[in-house]
Amino acid sequence: MPTLKEIHAWQKKTRRKLDFTPYTLDRVKERDSTYSMIIGERSNGKTYSALEEGLIQWALNKKQIAYVRRYDLDLKTRRAQQVFAAFHDNGFINFITDGEFDSTYYYSGKWYFSRTDENGKRVKSDEPFAYAFTLVGWEHDKSTSYPGVTTIIFDEFLSRDYYLDNEFVIFMNLVSTIVRQRNDVKIYMLGNTVNRYCPYFSEMGLTHVSEMIPGDIDVYRYGDSDLTVCVEMTHPTTGGKSSDHYFAFDNPKLQMITGGAWEIDIYPHLKKHYRPADVVFRFYIMFDNHSLRCDVVCDEQGVYIYIVPKNDDIKDPDNDLVFSPEVDPRPNWRRRLSKPTLPVEKNIYSLFKQEKVFYATNEVGEIVRNYIMWCNT
């Protein structure tokens, strides 16, 4: 089997052939954190580099990979077969197995090294080098042991659509299933910049992720424990990718594809200010460490809601209507705006359904969008 020095030489030679400089794990590996959260533009090499690291650990120590996605559909046979396809094409599988295998074969939630013999028959390795896991199916795996896994890769952990209810705890249970009583496992969480607001950030105490810009890297520590989480916002691809010209439209939503900026929608803004006397009701939304003031306005433009950031405390938290995922026994606190009970709540929800809601900034719109998405889980 190749040595680490030979592997590094192979990597350097292969990357020189590319028309752009791909992402590497160099900076997060220097931090040697338990969790490495890597966020950046699409198709910059995040997944490739994490999978490559797992394959290197197999080549050097015969250690295995756990590859995690959210849904079973993400790992249907055809899609799963493509996970390691890049390593077939560039010869890395052939290199690390000393020519014994040149591709991979996915079967029953496991990846094996494989080759086709002179009779056209598939020959696969005796043991898998990687296992597939999904968050929706983790309970099926909890009674199985995986002592050979030392690299966990959670791919596409950031979502612009839906997260599972209590997803962070589900992921922690999955991690527990794999690591058991060991402390030799490295966990990589990979995501595109599709959503600045994510339950993992608050659940893991990552308080500054939404403020990070491409190139930033932070390490979080937790009291007296030796747990650390490294968060990296990857640098934009040096020189750009040859595919970038397909996305050169003057549209800020596409910057996450070409430059790694957070994807953000354009939300409706008020064209005319209202008077304080036009506010007929006021409520609040508290979500993901953000507080928002929501004014129900009735003026010559009609009836609508205008939402702005609130930078101070709610003056009357025991009586003002507050929507928040947090469980609070006070009768004026509600969790899901989409499940109204009182007439005032039904009127508020009706304005949302009629799209009679305006936002001070696009960032405020993103917070509300994610809160409503949570309400519908």
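Below: a short report on this structure. Since the structure is predicted, the reported quantities are computational estimates derived from the model, not experimental observations. (Residues numbered from 1 in each chain as written. Predicted model: local features only at pLDDT ≥ 70, side-chain atom pairs only at ≥ 80, totals over all residues. Heavy atoms only, no water.)

### A look at the pairing of strand 4 (residues 110-116)
Here is step 1 of the chain: As paired elements, strand 3 (residues 103-107) and strand 4 share five bridges and run antiparallel to each other. Looking at the pairing, Tyr107 lines up with Lys110 of strand 4.
Here is step 2 of the chain: If you look at the hairpin formed by strand 3 and strand 4, you'll find two residues sitting between the two strands, and Ser108 has a positive phi there, around 55 degrees.
Here is step 3 of the chain: The pairing of strand 4 with strand 5 (residues 122-124) spans three bridges and is classified as antiparallel. Directly across from Ser114, in strand 5, lies its bridge partner Lys124.
Here is step 4 of the chain: What sits between strand 4 and strand 5 in their antiparallel hairpin is a turn of five residues, with Gly120 showing a positive phi close to 80 degrees. (Pairing = 2+ DSSP bridges. Helix = DSSP H or I, 4+ residues; strand = E, 2+ residues; numbered from the N terminus.)

### Things to note about the pairing of strand 8 (residues 186-192)
Here is step 1 of the chain: Burial of strand 8 is extensive: six of the seven residues sit out of reach of the surface.
Here is step 2 of the chain: When strand 1 (residues 35-40) meets strand 8, the two strands line up parallel, connected through six bridges. Counterpart to Ser36 in the pairing with strand 8 is Tyr188.
Here is step 3 of the chain: As paired strands, strand 7 (residues 149-155) and strand 8 are joined by five bridges and run parallel to one another. Within strand 8, the position partnered with Phe154 by the bridge is Met189.
Here is step 4 of the chain: Considered for its hand, the β-α-β crossover made up of strand 7, helix 7 (residues 167-179) and strand 8 is right-handed. (Buried < 20%, exposed > 50% of the residue type's maximum accessible area, 1.4 Å probe, protein only. Right-handed = clockwise from strand over helix to strand, strands pointing away.)

### Quick look at the side chain of Glu345
Here is step 1 of the chain: Its place among the elements puts Glu345 in helix 10 (residues 343-353).
Here is step 2 of the chain: Within polar-contact distance, the side chain of Glu345 engages the side chain of Arg334 at 2.8 Å.
Here is step 3 of the chain: Residues in contact with Glu345, not counting those within four places in the same chain, are Leu321, Phe323, Arg334, Lys339 and Pro340. (Polar contact = N/O pair within 3.5 Å; in protein donor to acceptor, adjacent residues only side chain to side chain. Contact = heavy atoms within 4.5 Å.)

### Considering the packing of helix 1 (residues 4-15) against helix 3 (residues 46-61)
Here is step 1 of the chain: Direction vectors running N to C along helix 1 and helix 3 enclose 150 degrees, while the axes themselves pass 11 Å from each other. In this view, helix 1 runs roughly antiparallel relative to helix 3, as classed from their interaxial angle. Note that helix 1 runs across helix 3; the crossing there is right-handed. Residues Leu4, Ile7, Trp10, Gln11 and Arg15 of helix 1 form the contact with helix 3, whose participating residues are Tyr48, Ser49, Glu52, Ile56, Ala59 and Leu60.
Here is step 2 of the chain: In the contact of helix 1 with helix 3, the residues fall into seven nonpolar, two polar and two charged. (Axes fitted to C-alpha atoms, helices over the stretch in contact; angles between N-to-C directions. Parallel < 35°, antiparallel > 145°, perpendicular 65-115°, else oblique. Left-handed = near helix turned anticlockwise from the far one by under 90°. Nonpolar A, V, L, I, M, F, W, Y, C, P; charged D, E, K, R; others polar.)

### Here's the deal with helix 10
Here is step 1 of the chain: Along helix 10, the residues classified as buried are Glu345, Ile348, Leu351 and Phe352. Buried residues of helix 10, seen end-on, are gathered within an arc of 120 degrees and therefore sit on one face of the element. Along helix 10, the residues that are exposed and aim more than 90 degrees away from the buried face are Pro343, Asn347 and Lys353.
Here is step 2 of the chain: Positive backbone phi, approximately 60 degrees, marks Glu355, located one or two places after helix 10. (Arc of directions from axis to C-beta.)

### With respect to the pattern of salt bridges
Here is step 1 of the chain: Taken as a whole and assessed by the stated rule, the structure comprises 20 salt bridges.
Here is step 2 of the chain: Here Arg282 and Asp295 are joined by a salt bridge, their closest N and O atoms 2.6 Å apart. In this pair, Arg282 sits in strand 11 (residues 279-287) while Asp295 sits in strand 12 (residues 290-299), placing the two residues 13 residues apart along the sequence.
Here is step 3 of the chain: On the accessibility criterion, Arg282 (35% relative accessible area) is partly exposed.
Here is step 4 of the chain: Arg330 is paired through a salt bridge with Asp328; the nearest N and O atoms lie 2.8 Å apart.
Here is step 5 of the chain: Among the residues examined, Arg330 registers a relative accessible area of 26% and is labelled partly exposed.
Here is step 6 of the chain: By relative accessible area, Asp328 is classed as partly exposed at 22%.
Here is step 7 of the chain: Counted as one network, the salt bridges with shared partners bring together Arg160, Asp265, Glu366 and Arg369. (Salt bridge = Lys/Arg side-chain N within 4 Å of Asp/Glu carboxyl O.)

### A few points about the sheet that holds strand 14 (residues 321-323)
Here is step 1 of the chain: With mixed pairing, the six strands of this open sheet are ordered in space as 15-14-11-12-13-16. Bordering the open sheet on either side are strand 15 (333-334) and strand 16 (357-359), each of which pairs with just one other strand.
Here is step 2 of the chain: Pairing of strand 14 with strand 15, which is carried by two bridges, proceeds in the parallel orientation. In the strand pairing of strand 15, Val322 is matched with Trp333.
Here is step 3 of the chain: The strands that helix 10 touches are strand 11, strand 12, strand 13 (302-309), strand 14, strand 15 and strand 16; relative to strand 13, the one it contacts most, it runs at about 90 degrees.
Here is step 4 of the chain: Packing against the sheet, helix 11 (residues 362-375) makes contact with strand 11, strand 12, strand 13, strand 14 and strand 16, and its axis sits at approximately 75 degrees to strand 11.

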